Amino acid sequence: MNSRFLLAIVLLCLEIAARAQIPHYDVKLQLDDDLHQLRGEMQLRWDLPKEEWPEQIWLEFWPLAYSSRSSVLAQQWLEDQETRFHFSKVEDRVQLDKLRLTEAGSNSPLELTEGRSPELLFFYRDSLQGDQLELRASFTLQLPEKGWDDFGWREDGLLLSHAFIRFSSFEDGAFQPSPKLREGDRNSQWCSMNLQLDLPQQHFPLTSLSEMGTAKWTEHYDRSEFSFLTKRQAYEFSCDKCTDAMPLFVSTSGRPIASEAYRGYWHVKSEVPAYTTESYLKLDAIKQWLLEQYDYPDSLSWIVIYTDKRLPRDPYAGMLFLNAREPGPYVELAMAQRYFQSVISQSAGSAQSPWISSGLAAYMAFTYMEDRYPDQSLSGPFQNSLIARFFDVDDLPITYSNQLLYLFLARQGLDQPSSDSAEAFTRGTYEAEMTAKTVMQMNYLHDYMGDRRFRSGIRDYLKAEKRSESTFRESLRANSPYKPIDWFFSDMMDGHQPLDIKLHNTENCPSLFVVTTSSRKNAALPYPVSGFIDDSLVMTEWFGPHEEREGKNFYKADYDRVRVADPLRYPDIFGKNNLRKTNSWLSTGKPLELQLYTNFENPYKNQVYWLPSINYNAYDQLLLGMSFYNTTLIPKKFEYRITPEYSTGANELTGYFYSGVNFPLFDGPVRLIRGGIYYRRYNYAPDLAYNRLSPAVTLFFRKPYPRSPYIRRLRLRHVYVDLELPGGEAGEVGESGYSVFNARYTQE
């Protein structure tokens, strides 16, 4: 009994010591609905020893990101070609009327210096006189008529996310500027908080703090300048430990009501929108899946805000924005991803490691969909419909959207290391890396470690006090004692070379066959080889890294097909060379399909697309033909288009042909080399035709930094034209043909 008592005392002391290391905020906010002002007074305290204070102490006041076109967020919007904020008037942005920061017990204001963005402020440690890091702040913000993203007025209320000053720190505890960038990549940390709200009547706050600690509200009267008494409402929330990325929504559409079907969800519409119960059922299934798979209970009461307008791009702990429409497969996928990211991003260095906060959330969302809807295809709500059969997308899983996003950029040489910080990505590359490539990389690690060990590692990470990249790494390492996984972080996540594993051949022997493989671009990675019989998976074996070609022996009677690194599951840049049949060197076992119109690339099929061709010119008259090609939205290593046409005017065969190759590069100044040859034959006079041959090479140059808006390329082309002369005569030089060399450099 005494030992248990002592253990309880020790644990209590450790918990008290841990809480002493987190910041504490006392925040008082008052909303003036008539003047559109938000006034605040607050106290900031962090019980850190003075010797641990850095020279510059950084603060973040997020609403100021919406005050100036020079903010990091405004520049990001401009690079993404979202110009509404850039061309807005000053009165349409958040305006700072007052900001005063003093040391506790002093009336002298501290001198604040603006960092790289208006919301990032710092002062020098030497300006503090006492031994306690305790500050007092007061501010007044003028709110615009319409809100911006996650701050300001909406059609159904006021969103005041991060509406107070906070200490800005990274995972190592040091004070640093942490600009918010994409998709919730805002660093957050644990804190304790007391929040008091003074609101006009019929304004009701929603915040997850009410579930983390205590909440109460009272009514009081405020004397206006005309000596009338105005009825107002005061709310008070407190928590001993919560995230400083606290969402706050002030509803103006009536008192929020809880779902009758499922307690624990709130919505702010005066009427329950259509599909509300179904949405709650799906949210409850997502929470239950997280509990079953990763033993992570979520006790928060989630705030659900329905809107018919564009959804905010950022997830919030305890808050979900949903469209007021039927939650189909892709809506449920988005719900799951927002939910998981809001859970993971609590106390995580999201701006430094978005591949964890965003990428792991996307992986969990797709895994949830695969577990819940194993037969769901890429066609979503159109599954088994005429349009799905026309585009042949029912054969592709819902996760194929990851391959589509990633390969579109990777095959143009635009792949980036997944471990880059959030500000290194453009909107397009962010989506391709964080919600596409990282999902496939997580699949790779999951299959290598095994389901039980991988889930155990993620479970330990979610339960960690401080979620960071180092915590993630150590949680997985601890659960893989016999299989080293350092390659995943050093070569797969940090590496510049993409995954490209090739199955060269399957040589037959009397009783076995030899599978020869190579990891062409990233030789430091292990890779899987799988054997099939009649399309059923028989075995998968992982082989260690090697630089040269390596052969593996398999018993011939056991398999009829071999695959290396599933191209629909892993980020293999050229997945069509990953499959072979065991009984033929020439056969890849992939059927040839003629498909009307362009389709999605399926690595398990040899696809040839066709379209009828109808053209007209003065000498050929009506041209009727057929176009055969293999080009898709995703660039291929080898592309072609053959279009034979019958000329009704010349009564002969004409047309054109194109063949090209793409060589993506991932180091050096050139990111893509595209070479090709173009041939065409048409008539330029009655019964006289010309032949044109145009070889060309285009060099696409790498951007000086990933978010640069400029595209630079150099094209070299030589055009040969041969003319038929009347009566078959041989003309002199310059009469029967000519050639032109052209070089063009473009920057746009």
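Quick look at the structure, then.

## Notes on the overall build of the protein chain
Then, number 1: Along the protein chain, the regular secondary structure elements total 13 helices and 35 strands.
Then, number 2: Out of the 748 residues in the protein chain, the part that is buried amounts to 52%.
Then, number 3: Within the protein chain, contacts between residues at least 6 apart in sequence are counted, and of these 64% link residues at least 24 apart.
Then, number 4: Working note: accessible area of the protein chain is about 34,300 Å², and carbon and sulfur atoms make up 53% of it.

## What about the sheet that holds strand β23 (residues 536-543)?
Then, number 1: Sheet architecture is open: four strands sit in the order β23-β22-β25-β26, paired in antiparallel fashion. In this open sheet, the two edge strands, each paired with only one partner strand, are β23 and β26 (579-581). Averaged over all neighbouring strand pairs, the angle between strand axes comes to 20°, with direction disregarded.
Then, number 2: The pairing of strand β22 (residues 527-533) with β23 spans seven bridges and is antiparallel. Bridged to P528 within β23 is W542.

## A word on unusual backbone geometry
Then, number 1: Of note in the backbone geometry, Q621 takes a positive phi value of approximately 60° without being a glycine.
Then, number 2: Note on placement: Q621 falls in strand β29 (residues 621-629).
Then, number 3: Judged by relative accessible area, which is 33%, Q621 ranks as partly exposed.
Then, number 4: Non-glycine residue D687 carries a positive phi angle of around 65°.
Then, number 5: Its place among the elements puts D687 in the loop between β32 (670-685) and β33 (688-701).
Then, number 6: A residue is classified by how much of its surface remains accessible, and D687, at 65% relative accessible area, is exposed.

## So, the packing of aromatic side chains
Then, number 1: Applying the stated criterion across every chain yields a total of 37 aromatic pairs.
Then, number 2: On the basis of an interplanar angle of 90° and a centroid distance of 6.2 Å, the ring pair of F425 and Y430 is categorised as edge-to-face. In terms of burial, F425 and Y430 fall into one category: buried.
Then, number 3: Both rings, one in Y609 and one in Y629, keep their centres 5.6 Å apart while their planes meet at 50°; by these two values the pair is tilted. Placement of Y609 in strand β28 (residues 606-617) and of Y629 in strand β29 is noted, with a sequence separation of 20 residues between them. Of the two residues, Y609 and Y629, neither departs from the other in class, the shared state being buried.
Then, number 4: Cation over ring: K483 sits above Y448, and NZ or CZ is 5.0 Å from the ring centre.
Then, number 5: Its end group placed over the ring of Y629, R641 keeps NZ or CZ at 4.1 Å from the ring centre.

## Let's talk about the sheet that holds strand β15 (residues 248-251)
Then, number 1: Here we have four strands laid out as an open sheet, ordered β8-β9-β15-β12, and antiparallel in their pairing. With partners counted over all chains shown, the strands left at the sheet margins are β8 (151-154) and β12 (204-207), one partner each. Direction aside, neighbouring strands of the sheet carry axes that sit 15° apart on average.
Then, number 2: Two elements, β8 and strand β9 (residues 157-160), share four bridges in a ladder whose sense is antiparallel. Among the inter-strand pairings, F151 is bridged to a residue of β9, identified as L160.

## Quick word on the environment of D371
Then, number 1: The topology assignment puts D371 in helix α7 (residues 359-372).
Then, number 2: Residues D371 and W289, spaced 82 residues apart in sequence, show a C-alpha to C-alpha distance of 9.2 Å.
Then, number 3: Setting aside chain neighbours within four positions, we find D371 in contact with W289 and Q293.
Then, number 4: Within the local environment of D371, its side chain forms a polar contact with the side chain of W289, the two groups lying 3.1 Å apart.

## Notes on helix α9 (residues 400-410)
Then, number 1: For α9, the tally of buried residues reaches eight of eleven residues, placing the bulk of the element in the interior.
Then, number 2: Looking at α9, one finds that the buried residues are Y400, S401, N402, Q403, Y406, L407, L409 and A410.
Then, number 3: Those residues of α9 that are buried lie in contact with α7, α10 (427-449) and β31 (652-664).

## Things to note about helix α11 (residues 451-462)
Then, number 1: In a regular helix each residue adds 1.5 Å, so twelve residues correspond to 16 Å; α11 covers 16 Å between its end C-alpha atoms and thus fits that length.
Then, number 2: What α11 keeps buried is the set F454, R455, S456, G457, I458, Y461 and L462.

## Considerations on the side chain of H446
Then, number 1: For H446, the location among the structural elements is in helix α10.
Then, number 2: Assessed through its relative accessible area of 13%, H446 is described here as buried.
Then, number 3: Within the local environment of H446, its side chain forms a polar contact with the side chain of D447, the two groups lying 2.8 Å apart.
Then, number 4: When near neighbours in sequence (up to four residues on either side) are disregarded, H446 contacts Y363, D451, F454 and R569.

Cut-offs applied
- Residue numbers run consecutively from 1 along every chain, following the written order of its sequence.
- Local features in this predicted model are restricted to residues of pLDDT 70 or higher, and side-chain atom pairs are both shown and tallied only at a pLDDT of 80 or more, whereas totals for entire chains, interfaces and linings draw on every residue.
- The side-chain numbers reported here are obtained from all heavy atoms of the structure, hydrogens and water having been left aside.
- A helix here means a DSSP run of H or I that spans at least four residues, while a strand means a run of E at least two residues long, and both kinds are numbered starting from the N terminus.
- Throughout this description, buried means an accessible area under 20% of the type-specific maximum (1.4 Å probe, protein chains only), exposed means over 50%, and partly exposed covers the range between.
- Any two residues whose heavy atoms approach within 4.5 Å are treated as being in contact.
- To be clear on the numbers: accessible area is Shrake-Rupley with a 1.4 Å probe, and residue cover counts the displayed protein chains and nothing else.
- Note on pairing: DSSP must find at least two bridges between two strands before they are called paired.
- Axis definition: a line fit to C-alpha positions, over the contact stretch in the case of helices; interaxial angles, taken between N-to-C directions, run 0 to 180 degrees.
- In this analysis, rings of Phe, Tyr and Trp, with Trp reduced to its six-membered ring, are considered paired at centre separations within 6.5 Å, and the interplanar angle assigns stacked below 30 degrees, edge-to-face beyond 60, and tilted for intermediate values.
- A positively charged side chain is recorded as over a ring if its NZ (Lys) or CZ (Arg) lies within 6 Å of the ring centre. The angle to the ring normal must also be within 35 degrees.
- We call two N or O atoms a polar contact when they sit within 3.5 Å, provided that within protein one can donate a hydrogen and the other can accept it, with sequence-adjacent residues counted only if both atoms are side-chain atoms.
- For a helix, the expected span equals 1.5 Å multiplied by the number of residues minus one.

Read these as layout, nothing more, since geometry by itself doesn't imply function.
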